[in-house]
Amino acid sequence: MLSSELPHMPNQSVLKCPAISRAETPVRMETGGLIKSVPVCPEHFSMRRRRARDGTSVRLLSDSRKYYMIEEKETMAVMEKDMTKGRPLPVILKFMLPLIIGNIFQQLYNMADTIIVGRYVGADALAAVGSTGTIMFLTVGFSQGITAGFSVLTAQRFGAKDTEGVKISVANGILLSLIFTVLISSLSLLGMRPLLKLMNTPDNIFQDAYTYIMIISAGIIATIFYNLFSSYLRAVGNSKIPLVFLVFSAALNVILDLVLIINFKMGVAGAALATIISQGVSAILCLVYIYIRMPSLAPNRRHWKLHGQESRNQLAMGIPMALQFAITASGTMVMQSAINLFGSVASFTAASKVQNLVTQGMMAMGQTMATYSGQNFGKGDIKRIRQGVKAALEASVVYALAAAVLVCILLRPCLGLFFTGDVDISAMMPWAETYCYMTAMFFLPLCTIFIFRNIMQGCGYGFLPMMGGVSELVARLVVAMISMAVGSYALACFCDPAAWVTAAVFTGVSYLFVMKDIRRKYEKPETAASEK
């Protein structure tokens, strides 16, 4: 078979043997940024096909006179998703679907905690777990923000086809995450009791709330590293494997809930331990998978050190994203403080779980757009980023309407899952309906926040999304203070819609500014002129 007769295969390069002899003649091949030397004569192949460290496979073709090596890059095609090619909407939806399923599973196992606690420990225990929800959003959200920020650089280097840069960013992010794990855990453990008091946590649920959130804070390392490894996988377009491990984690969490709460009578402490253990197992599985099946992400020995430039880049994105989560969470804590004054904590907790369940598609869209914009920004295709935003907004209009209808349908049947038969559901419903029906009318602005915020972050702009979180905080603070002053539960529930509308306007205007700034800095003059 001569080189002209070789069939065309994508992602392959054909190298003719430079010396047809019985001596071992190596050919230096460029494989994903690493130089590999391999023998090309047939007796020097122990197998017909060998797989290099970075996922490249090499096989030998020959005829009576000449030998050829075919270099096949399979990793990119099989395990990773290049979002710089194809029609934007199908690419976005295909990547987004596993994220939606994964986010829903995550909410389901969070709901499993509250359902099992409510049914087998009691309504006060359910209220205790629910009262810590905003604090968990603060600590877990900060962790998600910092790790998502670290993976932005990975997505950009993947889009630029910089394999060595990808591995450096992964190693550097892991080392930075270890440092932040110590800081977050220490601050959470030291400040939890005064924080619960500041939030007007009722005395009858205070101890259970404190026990639950202290265990979660002590095990924050599991949350941080599960989110970090999942973010790395998504950064290179792999949204399916995090889903698989999340489903496994959800199932394990439910089993541990039942065993620790029912069999071992551990109460809210059992629920917290089940959450930490299941996330820790998932984090380990993600790490093992990266090293075994995703070698393009796996750092080598020489990568394991803190690199100055990479640290500056990752902190420049990670800290604003973490602060944005923390600022948003601070606003929800203010709202929770107002809710706590009206004696409706248990019903509000159940209603918020239902609302969180149906809005997971919005979060999945945001995660998708962060990867999409990161890869296309790394490639330098700014026009494609704008096309993706348009497609995402169109899809989100449909989703927001469907989610609003769904939350109204699911509220009553779902509420009954959280309580035993001795609890009067009809007395709970007015509190739950007030919150769910009011927020459902404002799902569309919430959708746009996730899109605009994550697009900007994927392009490396962290400050404006963070200030969007500040606008949410201010809106929630103002409405919550008024609701506490006038004694209105409905106004306390309006904290979320007020924050969403304010942040939607801010992030929308900020997105237009960012796109204009990117065009000015990065697009060629003739390209920008041709698009006008």
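The structure displayed is predicted, hence computed values, not measured ones.

Asks: What is the right way to read a nonpolar patch on the surface from this model?
Replies: A cluster of nonpolar residues, Ile284, Leu287, Val288, Tyr291, Ile292 and Trp304, forms a patch on the protein surface that exposes about 540 Å² of accessible area. Its location among the elements puts isoleucine 284 in helix 9 (residues 267–293).

Asks: It is not clear to me how the packing of helix 4 (residues 133–159) against helix 12 (residues 360–379) should be interpreted in this structure. Could you clarify?
Replies: How two helices pack is summed up by the angle between their axes together with the distance between the axes. Closest axis-to-axis distance for the helix 4/helix 12 pair is 6 Å, and the angle between their directions is 45°. In this view, helix 4 runs oblique relative to helix 12, as classed from their interaxial angle. Of the two possible hands of crossing, helix 4 and helix 12 adopt the one that is right-handed. Facing helix 4, whose interface residues are Ala155, Gln156, Phe158 and Gly159, helix 12 presents Gly374, Gln375, Phe377, Gly378 and Lys379.

Asks: Quick question: what am I supposed to make of the nonpolar core here?
Replies: Generally speaking, soluble globular proteins have nonpolar side chains that are buried together. If you look at the biggest cluster of nonpolar residues, it comprises 60 residues, and the most contacted ones within it are Tyr212, Phe229, Tyr232, Leu233 and Leu297. In contact with tyrosine 212, other than residues within four places in its own chain, are Asp113, Val129, Thr132, Met136, Val268, Ala271, Ala272 and Thr275. Core analysis: the next-biggest nonpolar cluster, separate from the first, contains 40 residues, Ala338, Ala400, Ala440 and Cys495 among them.

Asks: How should I be thinking about the confidence of the model for the protein in this particular structure?
Replies: Low-confidence regions, as indicated by low pLDDT, have predicted coordinates that should not be scrutinised in detail. When pLDDT is averaged across the protein, the result is 78; 81% of the residues are at 70 or more. In the model, residues 1–79 has pLDDT below 50 throughout and makes 164 contacts with residues more than four positions away in sequence or in other chains. Of the regions scoring below 50 in pLDDT, residues 526–532 engages in 7 contacts with residues more than four places distant in sequence or in other chains.

Asks: Quick question: what am I supposed to make of the pattern of salt bridges here?
Replies: Two side chains that carry opposite charge are able to pair once their charged atoms sit near each other. Taken as a whole and judged by the stated rule, the model has 7 salt bridges. Across the pair glutamate 472 and arginine 476 runs a salt bridge, and its minimum N-O distance is 3.2 Å. Here the residue glutamate 472 and the residue arginine 476 both occupy positions in helix 16 (residues 463–486), the gap between them amounting to 4 residues, near one helical turn. Both residues of the pair, glutamate 472 and arginine 476, belong to the buried class.

Asks: Even after reading the chapter, I still don't get the state of the cysteines, so can you show me in this structure?
Replies: Among covalent bonds in proteins, the disulfide is the one between the sulfur atoms of two cysteines. Evaluated as defined, the whole model comprises 0 disulfides. Not engaged in a disulfide, the cysteine cysteine 495 finds its nearest cysteine sulfur in cysteine 493; these two sulfurs lie 8.2 Å apart.

Asks: Please clarify how the environment of leucine 341 should be interpreted in this entry.
Replies: Take leucine 341: it is sitting in the loop between helix 10 (308–340) and helix 11 (345–358). When neighbours within four sequence positions are excluded, leucine 341 is seen to be in contact with Asn200 and Met484.

Asks: Is there a simple way to think about the packing of helix 7 (residues 220–235) against helix 9 in this case?
Replies: Relative to each other, helix 7 and helix 9 sit at 35°, their axes nearing to 8 Å. Remark: the crossing between helix 7 and helix 9 carries left-handed chirality. Along its contact with helix 7, which presents Ala222, Thr223, Phe225, Tyr226, Phe229, Ser230 and Leu233, the element helix 9 presents Ile276, Gln279, Gly280, Ser282, Ala283, Cys286, Leu287, Tyr289 and Ile290. Of the residues that constitute the contact of helix 7 with helix 9, the class distribution is 11 nonpolar, 5 polar and no charged.

Asks: Help me out: how do you make sense of the packing of aromatic side chains in this one?
Replies: Centre-to-centre distance and the angle between the planes together describe a pair of aromatic rings. Under the criterion given, the structure shown has 7 aromatic pairs. The interplanar angle of 25° and the centroid separation of 5.1 Å between the aromatic rings of phenylalanine 452 and tyrosine 511 together place this pair among those described as stacked. Of the two residues, phenylalanine 452 is situated in helix 15 (residues 443–458) and tyrosine 511 in helix 18 (residues 495–522); the sequence distance between them amounts to 59 residues. Residue placement shows arginine 193 over the ring face of tyrosine 210; its charged tip is 4.1 Å from the ring centre. Directly above the ring of phenylalanine 206 sits lysine 197, whose terminal nitrogen or CZ lies 4.8 Å from the centroid.

Rules used in this analysis
By convention here, each chain's residues receive numbers from 1 onward along its written sequence. pLDDT decides what is reported in this predicted model: residues at 70 or higher carry local features, side-chain atom pairs at 80 or more are listed and counted, and totals for whole chains, interfaces and linings draw on all residues regardless. To obtain the side-chain values, all non-hydrogen atoms of the structure were included, while hydrogens and water were left out. Two distance rules govern patches: like charges are joined within 9 Å, and nonpolar side chains (Val, Leu, Ile, Met, Phe, Trp, Tyr) within 5 Å, applied only to residues with over 30% relative accessible area and no salt bridge. Computed with the Shrake-Rupley method and a 1.4 Å probe, the accessible areas treat only the protein chains shown as cover for residues. Salt bridge, as used here: a side-chain nitrogen of Lys or Arg that lies within 4 Å of a carboxyl oxygen of Asp or Glu. Helix and strand assignments follow DSSP, with helices taken as H or I runs no shorter than four residues and strands as E runs no shorter than two, numbered in order from the N terminus. Think of each axis as a best-fit line through the C-alpha atoms, taken over the contacting stretch in the case of a helix, with angles from 0 to 180 degrees between the N-to-C directions. For classification purposes, angles smaller than 35 degrees are called roughly parallel, those larger than 145 roughly antiparallel, those between 65 and 115 roughly perpendicular, and all remaining angles oblique. We call a crossing left-handed when the near helix sits turned anticlockwise from the far one by less than a right angle, and right-handed when that turn is clockwise. Only heavy atoms matter for contacts: two residues are in contact if any of them lie within 4.5 Å across the pair. We call a set of buried Ala, Val, Leu, Ile, Met, Phe, Trp, Tyr and Cys residues a nonpolar core when their side-chain atoms join them within 4.5 Å. When accessible area is computed with a 1.4 Å probe and restricted to protein chains, residues below 20% of their type maximum are described as buried, those above 50% as exposed, and intermediate ones as partly exposed. As a per-residue quantity, pLDDT reports the predictor's confidence and falls between 0 and 100. Criterion for a disulfide: a pair of cysteine sulfur atoms within 2.5 Å. Each residue is assigned to one class: nonpolar for Ala, Val, Leu, Ile, Met, Phe, Trp, Tyr, Cys and Pro, charged for Asp, Glu, Lys and Arg, and polar for all the others, Gly among them. Aromatic rings from Phe, Tyr and Trp, taking only the six-membered ring of Trp, are treated as a pair when their centres fall within 6.5 Å; an angle between ring planes under 30 degrees marks them as stacked, one over 60 as edge-to-face, and anything in between as tilted. Both a distance and an angle decide whether a charge sits over a ring: NZ of Lys or CZ of Arg must be within 6 Å of the ring centre and within 35 degrees of the ring normal.

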